[in-house]
Amino acid sequence: MKDQLLQDGKAVGDRMSRVDGRLKVTGGAKYSAEYELPGLVHGALVGSTVAKGRITSIDTKAAERAPGVLAVITHLNSPKVPGFAAKSNPDEPPAIGQPLRVFYDERIYFNDQPIAIVVADTLERARHAAGLVKAQYAAEAHQTNFEANKSKGFLPTQARRNPKSAQNDYTRGQADGYQSAPVKLEAEYWHESEMHHPMELQSIIAHWEAADRLTVYDKVQAVKGTQRAFAKDWGLPEQNVKVIATFVGGAFGNGLHNWPHETAAIIAAKVTGKPVKLMLTREQMFTMVGYRPKTWQRIAMGATKDGKLVGISHDSVGQTSTYEEFTESTVQQTRMMYAAPNVTTRYRILGLDVSTPIWMRGPGEATGAFALESAIDEMAHLIGMDPLEFRLRNHTDTDPEKNRPWSTKYLKECFQAGAERIGWNKRQMKPGSLREGDWLIGYGMGVGTFGANRGAAKARAALLADGTVLLQSATTDIGPGTGTAMVQIASDALGLPTDKIRFELGNSLFPQAPSQGGSSTVNTVGSAVNDACLALKKKLQELGGASFANVQPEQLTLADGQLGLKANGGPRLSFADLRKANNGQDVEVTVESKPSGDARQNYSMYSFSVHFAEVRVHTMTGEVRVTKMVSCADAGTIVNQKTAGSQMSGGAIGGIGMALTEGAVIDDRYGRYVTRDLASYHVPVHADAPPVEVFFVNKPDLLVDPLGTKGIGEIAIIGVAPAITNAIFNATGKRLRELPVTPDKVLLA
Amino acid sequence: MNPFQYVRATKARAAIDARAADANAQFIAGGTNLLDLMKRGVMTPQRLIDINRLPFDRIERQGTGLRIGALALNSTTAEDRQVLERAPLLAQALNAGASAQLRNMATVGGNMLQRTRCPYFYDTALPCNKREPGSGCGALEGINRMHALFGFSDKCIAVHPSDMSVALAALDATVLVSGPKGERRLAFGDLHRLPGDTPERDTNLEPGELITAVEVPDSAFTRHVHYLKVRERASYAFALVSVAAALSLDGTTIKDARLALGGVAHKPWRLLDAEKSLIGKPATEAAFQEAARVAMQGAKAFKHNQYKLKLAPNAIVQALKNAASAA
Ligand SMILES: Cc1cc2nc3c(=O)[nH]c(=O)nc-3n(C[C@H](O)[C@H](O)[C@H](O)COP(=O)(O)OP(=O)(O)OC[C@H]3O[C@@H](n4cnc5c(N)ncnc54)[C@H](O)[C@@H]3O)c2cc1C
């Protein structure tokens, strides 16, 4: 049968549906808690009820006697994890692993810290028995009040140790040079911690297949990193730890770290000698898997009356825990976004008696953009200029931080496309001018950027006996459609239709790939897949012998079950013959692919986005509705318009949550969250999500990687929150600088 | 969740007796509130008496009103033709509550008896007099942005979360109860109670009493009605403040009015004085403002719910405006 190649012969750029879409919607996709292992038992965690102090006693008798209970493990009887002895509250965030030593000693660092795991034959029995464990504490005075402790923010240790760390203070031109400008503003911005609540709860099945061989089915973004972390903790050779994460039901960053519950399950499996399944409850997601940290920011800005920025100073303090220094690049965007001669940034962190934060989609930059893009809007208003025009006046075609060219930058194209689509011309300069019934209408915009990162990764490509190509790499897919993009890339590289290609991921047995994070998977793993496919084709060409010796590789295809030429005629060789030439074996290559040094030294590489929002604000109730959004991205080559479009609209809706609804609240008297379920912590629902129109510039950046991709996941949310708060200002004249903007804040502003 | 026995009642009498005989038993209807509370360890019944098979799910015309069975689903009730015709305010309030999935499980009886959403009530690690009498009110000096403006005590400042009940209070409904001592009728306003010194008691029902139905009398409030719910997202969130507003108009003159607030007290907060202030007046913004002013007399806010002092009167005015202009 003839293979159907796409008409223009290119799979990249096609709106291909997800290769695993059918599995996902029919329940065929297996998530980490869904593996059935013989003898599997269930774990339930007990959390502390004080925020700081020591456990003085812990009564497990009732739990031990409860029906079906196999073990109750606490710091008093837990086997000591070998690697724990070496750790003592490291002051730098570990690249891998978890510094909180679960069940190690009696110290309590945060409220709801796991202090015991109960293992039972059923989930219900485990949860019931967990409720019977009673601990006594010697509580110590805790600090969870950010506002009261803000002045104690400190420079991260990694910055103190390493003068080259990007977390150090930064100045170009005059320090705080904004002060000399004719028009100045200073403003403070706050947002509450935003919690990770992907649809799939964090879960793990831990299985000791032998005393020195561990397999985990674990919801993680890095299978290799997790493998290394647990191998290190348990003193095992890496190959003795197997990590499976074939499907991940949304992660947004919370799977970039390993968390105490994972080790708790591994300990429980060790103690019981059975595979243990542990899935966090929704309440435990608030305290056990990280969150976007509560952050204070201050922007001071100076400009000339005709709209030239003189200087920007950006100060930030972000929350972390007392046992781990979590940092993120909150102030980075301020250094490179605008052509201001004087820029100062100062980043601090504040250790409180809370659990450690973690990256959340658009980490740091989404926080920083809220302050920077709000202040830009405030300044535009002060000098009476359209905020889009103000941004254009301060646009820069070279990176002002590093003094070098951008690899590519098509932000102006994004501005133009977005302004047209949202109807920016309807926006009135004077706030409060547009009204429909009881609703005020306003328009706002916000810009986002994120590094176009690329790392090293390996991929394996094999031509199988059935004529299909199997690709493998130890990356993960937390939802963007990684497998689909890889199949498209491979299809073009091989000249083989997409339905003849399979991509496997999420298994530590596969060739090395980094975590899925930082919008870099297509750049990194896609490049490896591309290279592996080209190498496979080359190998096939060699096996094809003399008749293929002088053919240009680009002319070769694998269509129709044979190696041949794209043009009609020429040599042909069936896959069967190629395998014969390979001694009857699968023809297979494994290739490592990494960025070449030069380009990264000489160019600054970033994705850019701009988000436009139309909002309505109710004059009597303070309710805000986002009625339209347009998100435009300069993200290099768009491998798949459909999945990339979903990334963008998903990010925009996440941004609506950040702007309007999401914020975790602690009662500082107890150091405990009072928002502990999805009825009190509000993520946006369908009714909050307007149509999001997405526009891609879709021009390749061949300096980032051979495919020209730059990354989408993060810029999809960065800049959304300020677009919305700026639109609220335009609608009402009220400047809301504390997120989330709930109706009470609008009403009292 | 604690282990419990489960029995399914097929006769009302058997259900009532079983419940009256066992202080640790609870009726279960849709279970959408009770099971959540059990999973969090807030309620720990030893025995659940499933009442879903009892014959109380009919919605029918009875004398000069509608009789809605306690086991009628929230969704069925909101879509019922007679409810839409005779008590559209009730349908609006039902549809403003929870989500479609929950309304398909939740019953009318269970909705009335759902418990407060106060976070201190929900977390067994924190003090709450309602959950554990004598342990203190966590909200009083704590995070109290969702809390009461009216009728609270120093033992409890929680609010009742039901939307449906706000409409039933405004519509002068009657609750039909069957108990160990026989049957009785309660004016809707007497079902829920204020916390006083015994916040552990949400209602005036006696142990073993089963709600069998609610009666909504026929009224002139079939057209100019509006249920306004202000919440932190567009759907699927409990009210910051809600208003059930109903007007009977003669031309532009208000012949009769009903007004109740949700999210401001331990029970749906009927505003009799504000209603009176409206009667005989033209349906103008000035009259609505005056009603809102009257309504807010005696309101007192805590640290984090000051905004409700502004939001509640605004919401009243808006709901009345919407009711007046409802086609
Ligand atoms: C996420 C979420 C969001 C929600 N949002 C809203 C909202 O916005 N607005 C709103 O109004 N509600 C909301 N609800 C609450 C929902 O309306 C209630 O859970 C539901 O109405 C309860 O009905 P049920 O039949 O499931 O009651 P159950 O949970 O079965 O019972 C609740 C209580 O009533 C008792 N009971 C039930 N029926 C009878 C009877 N006939 N006689 C005597 N006692 C009885 C039970 O013993 C139990 O104590 C929400 C719920 C959830 C889970």
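Residues numbered from 1 in each chain as written. Chains lettered and ligands numbered in written order. Predicted model: local features only at pLDDT ≥ 70, side-chain atom pairs only at ≥ 80, totals over all residues. Heavy atoms only, no water.

Naming follows an unreviewed UniProt entry, where chain B appears as Xanthine dehydrogenase family protein subunit M of Hymenobacter edaphi.

By the naming in an unreviewed UniProt entry, chain A goes by Xanthine dehydrogenase family protein molybdopterin-binding subunit and is assigned to Hymenobacter edaphi.

Let's talk about the site of the ligand
All names here are of chain B. Close to the ligand lie 34 residues; Phe27, Gly31, Thr32, Thr107 and Asp163 are nearest. In the model, an oxygen atom of the ligand is placed 2.9 Å from a nitrogen or oxygen of the Asn33 main chain. One of the side-chain N or O atoms of Thr107 is found 2.7 Å from an oxygen atom in the ligand. Contact with the protein chains removes 95% of the 970 Å² of surface that the ligand exposes when unbound. Its residues assigned to classes, the shell around the ligand shows 16 nonpolar, 13 polar and 5 charged. Domain assignment of the residues forming the shell around the ligand places at least three in each of domain 1 (1–49) and domain 2 (224–325). (Near = heavy atom within 4 Å. Polar contact = N/O pair within 3.5 Å; in protein donor to acceptor, adjacent residues only side chain to side chain. Areas by Shrake-Rupley, 256 points an atom, 1.4 Å probe, with all protein chains shown as cover. Nonpolar A, V, L, I, M, F, W, Y, C, P; charged D, E, K, R; others polar. Domains from an automatic or database assignment.)

Comments concerning the packing of helix 17 (residues 641–661) of chain A against helix 18 (residues 720–732) of chain A
Axes are the key here: two packed helices are described by the angle between their axes and the distance separating the axes. All names here are of chain A. Across the interface, helix 17 lies against helix 18 with an axial gap of 8 Å and an inter-helix angle of 55°. When the axes of helix 17 and helix 18 are compared, the pair comes out oblique. In terms of crossing hand, the pair formed by helix 17 and helix 18 is right-handed. Here Gly651, Ala652, Gly655, Ile656, Met658, Ala659 and Leu660 of helix 17 lie close against helix 18, whose contacting residues are Val720, Ala721, Ile724 and Ile728. Of the residues in the contact of helix 17 with helix 18, the class split is 9 nonpolar, 2 polar and no charged. (Axes fitted to C-alpha atoms, helices over the stretch in contact; angles between N-to-C directions. Helix = DSSP H or I, 4+ residues; strand = E, 2+ residues; numbered from the N terminus. Parallel < 35°, antiparallel > 145°, perpendicular 65-115°, else oblique. Left-handed = near helix turned anticlockwise from the far one by under 90°. Contact = heavy atoms within 4.5 Å.)

Things to note about the UniProt feature "domain: FAD-binding PCMH-type" (unreviewed entry) in chain B
Under the UniProt annotation, "domain: FAD-binding PCMH-type" (unreviewed entry) lies at residues 1–221 of chain B. Between the C-alpha atoms that bound residues 1–221 of chain B the distance is 44 Å, and the span itself is 25% helix and 19% strand. (UniProt positions renumbered as here; feature names shortened; annotations may be inferred.)

Focus on helix 18 of chain A
Residue and element names in this part refer to chain A. Here helix 18 spans 19 Å end to end across 13 residues, near enough to the 18 Å set by a 1.5 Å rise per residue. By the criterion of burial, helix 18 is predominantly enclosed, with 13 of the 13 residues buried. A positive backbone phi angle near 80° is found at Gly733, which sits one or two residues after helix 18. (Expected span 1.5 Å × (residues − 1). Buried < 20%, exposed > 50% of the residue type's maximum accessible area, 1.4 Å probe, protein only.)

A look at the nonpolar core
Residue and element names in this part refer to chain A. Met301, Leu309, Phe390, Val615, Leu660, Ile724 and Ile728 are the most contacted members of the largest nonpolar core, which totals 85 residues. If we skip the residues at most four places from it in the chain, Ile724 touches Ala613, Val615, Val626, Gly655, Ile656, Ala659 and Leu660. Within the second largest apolar cluster, 45 residues are counted, among which are Phe84, Ile204, Ala206 and Val216. (Core = buried A, V, L, I, M, F, W, Y, C linked by side-chain atoms within 4.5 Å.)

Considerations on the side chain of A:Ser508
Residues and elements named next belong to chain A. Mapped onto the fold, Ser508 is located in the loop between strand 24 (501–504) and helix 14 (521–543). In terms of polar contacts, Ser508 uses its side chain to reach the backbone amide nitrogen of Val243, at 2.8 Å. Apart from residues lying up to four places away in sequence, Ser508 is in contact with Val223, Lys224, Gln227, Val241, Lys242 and Val243.

Focus on helix 1 (residues 12–21) of chain B
Along helix 1 of chain B, the positions that sit buried rather than exposed are B:Ala12, B:Ala15, B:Ile16, B:Ala18 and B:Arg19. Buried residues in helix 1 of chain B, looked at end-on, bunch into an arc of 165°, giving them a common side. (Arc of directions from axis to C-beta.)

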